[in-house]
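# Architecture at a glance
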Amino acid sequence: MILTVASGKGGTGKTTVAVNMALSLENVQLLDCDVEEPNSHILLQPKINETKPVYTKVPVVSEELCDYCGKCSKFCAYNALFVAPKTVMVFPELCHNCGGCSLVCPKNAITEKERQIGAIKKGESKGVEIVYGELNVGEAMAVPLIRAVKNQMKSNKNVIIDAPPGTACSLVASVHKTDYCILVTEPTPFGLHDLKITVQVLKDLGVPMGVIINRAGLGDRKVYEYCKKENIPLLLEIPFSKKIAELYSRGVPFVEKMPEWKEKFLEVQDNIKR
Amino acid sequence: MMVKEITVLSGKGGTGKTSVAASLAVLTKRTVMTDCDVDAPDLHLLLKPEVLETQEFKASRVAVIDEEKCVQCGKCEEHCRFDAIEKLIIDPILCEGCGVCAYICPVAAIELEKRVSGYAFISKTKYGPMSHALLNPGEENSGKLVSLVRKNAKKVAEKENCELIINDGPPGIGCPVIASVGGVDMGLIVVEPTLSGIHDMERALGLLSHFKIPSLVCVNKYDLNEENTSRIVEFCGSNGVEVVGKIPFDQIVTESMVAGKPIVEYSPESRVSKAIAELWKQTLKHV
């Protein structure tokens, strides 16, 4: 079973849920797809046993062969190439690696070279296998790295994917082809607003979903009313508690100090399976 | 007159960017506010803009196969690097609109259709003008929409004779964040005193220095873990970054959010509001 933990709004507790759930279930592989700001390794402190660089391909234009016809830059949907009368400029951060420019070049002047955009790290902690991606600072495109993390998925494991915040392409890449999505929200107007957008993404993708309300007790009841109206099951409430917040601030998963919660996460898994 | 531009960012989500930015809207005059978090925008929930102008944002294209023309040669599938074509069916979610399939198709059965990926808005609020947007759920090109939001803000700033633009940035350090900080005069990082918050702040500071943008830091909910707050102050000190303020934790911030008001307006005498006013005073010394 592949479970994704997502939220829309940042800081609602995705990583808290993903990590504590991973520690509560058996035979888990945790994939941290928040490659811009991965945090699950901070809570799990895994021993890293493999680091793999991740590359994307970018065009290289041979000035000898190029006759500055401009077909490549006209074709490029991402404005990654600029052709002037006597020179060609490549903007590697804008390139999506579609390969179009080398296809359309009539002089075969374009080849491709690899460019590192980040790395994936694999490790193990407390019986949980973890894979996470780290986007190099200054790199714009997270999706190829998210795909590289997901390529490490093991089908014989209970897979938990920790998704990035937001509702755009990075979320779609993370949640695509997963069996179920847990939406973590907080009972505030910000939490509700971003939850609604995320629900729309999941409906478009056809991924079944349920909600975990974090920091329950804060805010208002509107998230509860919305879930009821939309028929989205409420899987769990995690109360607002200074103890949980304090444990998180020190990087301690709360099930380690409050083991009674393991049972609750197991129940969540059972409910999802049903 | 030169318009100055500040972006509020954080790396980690949910540290309080929008709560701080909304308060700055109240504390400043002749300022254009923007919400650069175009896929999960929240600033409008506090500033309650009245939309004056709506623009369609058409940036992305999606490939469509004409089944009648298709001869099922499979070349499109072979050349698509996004695995968006499977058994001659295009998955619009995976398609990045590059156009390779349409180019390679020997019978011209594939066309690229432009799609509306979102909307940009120019609005007025009781605190001043606002530029914001909404990306359609699951869309790409959030960075381009952020650039449009900032372009609109600059136009409004010139027209309305404003001297400052404050951008409420998105979380992360990728495409939309880069689009939110490129060329601004200052990045103000809101950090929470958790290990994750510190880790993400370091990456956000790295991003600002990569683009040679001066940075300031303020610690939100600093009293939730004072030991971590000291670590942040120490880290910033040894990296030449000034900590311009420390905001205490108080549930009144959530109350103000539920009331739909910036905290400095909802409860001007609260400790949180005073701390935000002070951090803004310190920030202005650098802008």
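Our subject is the structure listed above.
Read on for an overview of the structure.

Cut-off values and rules
Residues numbered from 1 in each chain as written. Chains lettered and ligands numbered in written order. Predicted model: local features only at pLDDT ≥ 70, side-chain atom pairs only at ≥ 80, totals over all residues. Helix = DSSP H or I, 4+ residues; strand = E, 2+ residues; numbered from the N terminus. Buried ≥ 20, exposed ≤ 12 C-beta atoms within 10 Å, placed from the backbone. Contact = placed C-beta atoms within 7 Å. Nonpolar A, V, L, I, M, F, W, Y, C, P; charged D, E, K, R; others polar. Pairing = 2+ DSSP bridges. Axes fitted to C-alpha atoms, helices over the stretch in contact; angles between N-to-C directions.

Turning to the overall build of chain A, a few remarks are in order. Along chain A, the regular secondary structure elements total 10 helices and 11 strands. Along the first, second and third principal axes, the C-alpha set of chain A runs to 70 × 45 × 35 Å. In chain A, which comprises 274 residues, the proportion classed as buried is 50%. Considering only residue pairs separated by 6 or more positions, chain A has 74% of its internal contacts joining residues 24 or more positions apart.

Right, let's get into the interface of chain B and chain A. Counting residues at the interface gives 52 residues for chain B and 52 residues for chain A. For the side of chain B that touches chain A, the elements supplying multiple residues, two or more each, are α4 (100-104), α5 (142-159), α6 (175-181), α7 (195-210) and α9 (252-258) of chain B. Considering every element that reaches the side of chain B that touches chain A, the biggest residue donor is α7(B), with 8 residues. Partitioned by chemical class, the residues of the side of chain B that touches chain A number 20 nonpolar, 22 polar and 10 charged.

Residues and elements named next belong to chain A. Pairing is mixed in the open sheet, where 9 strands are placed in the order β3-β6-β7-β2-β8-β1-β9-β10-β11. Looking at which strands have only one partner, the edges of the open sheet turn out to be β3 (47-61) and β11 (234-239). With direction set aside, neighbouring strand axes in the sheet form an average angle of 20°. Sheet contacts for helix α1 (residues 14-24): β1 (2-6), β2 (28-32), β7 (128-135), β8 (158-162), β9 (180-185) and β10 (209-216); angle to β8, the most-contacted strand, approximately 165°. Where helix α10 (residues 260-273) meets the sheet, it contacts β9, β10 and β11, and its direction lies at approximately 165° from that of β11.

Let's shift gears to helix α5 (residues 143-150) of chain A. Residues separated by three or four positions in an α-helix point in the same direction, a consequence of the helix having 3.6 residues per turn. All names here are of chain A. With 7 of 8 residues buried, α5 lies mostly within the body of the structure. Among the residues of α5, those classed as buried are Val 143, Pro 144, Leu 145, Ile 146, Ala 148, Val 149 and Lys 150. Each element contacted by the buried residues of α5 is listed here: β2, β3, β6 (110-125), β7 and α6 (169-175).

Residue and element names in this part refer to chain B. Strands sit in the order β3-β8-β9-β2-β10-β1-β11-β12-β13 across an open sheet of 9 strands; the sheet is mixed. Two strands close off the open sheet at either side, each with one partner strand: β3 (50-57) and β13 (242-247). Adjacent strand axes in the sheet meet at a mean angle of 20° when their direction is disregarded. The sheet contact formed by strand β1 (residues 4-9) and strand β11 (residues 186-191) spans 4 bridges and is parallel.

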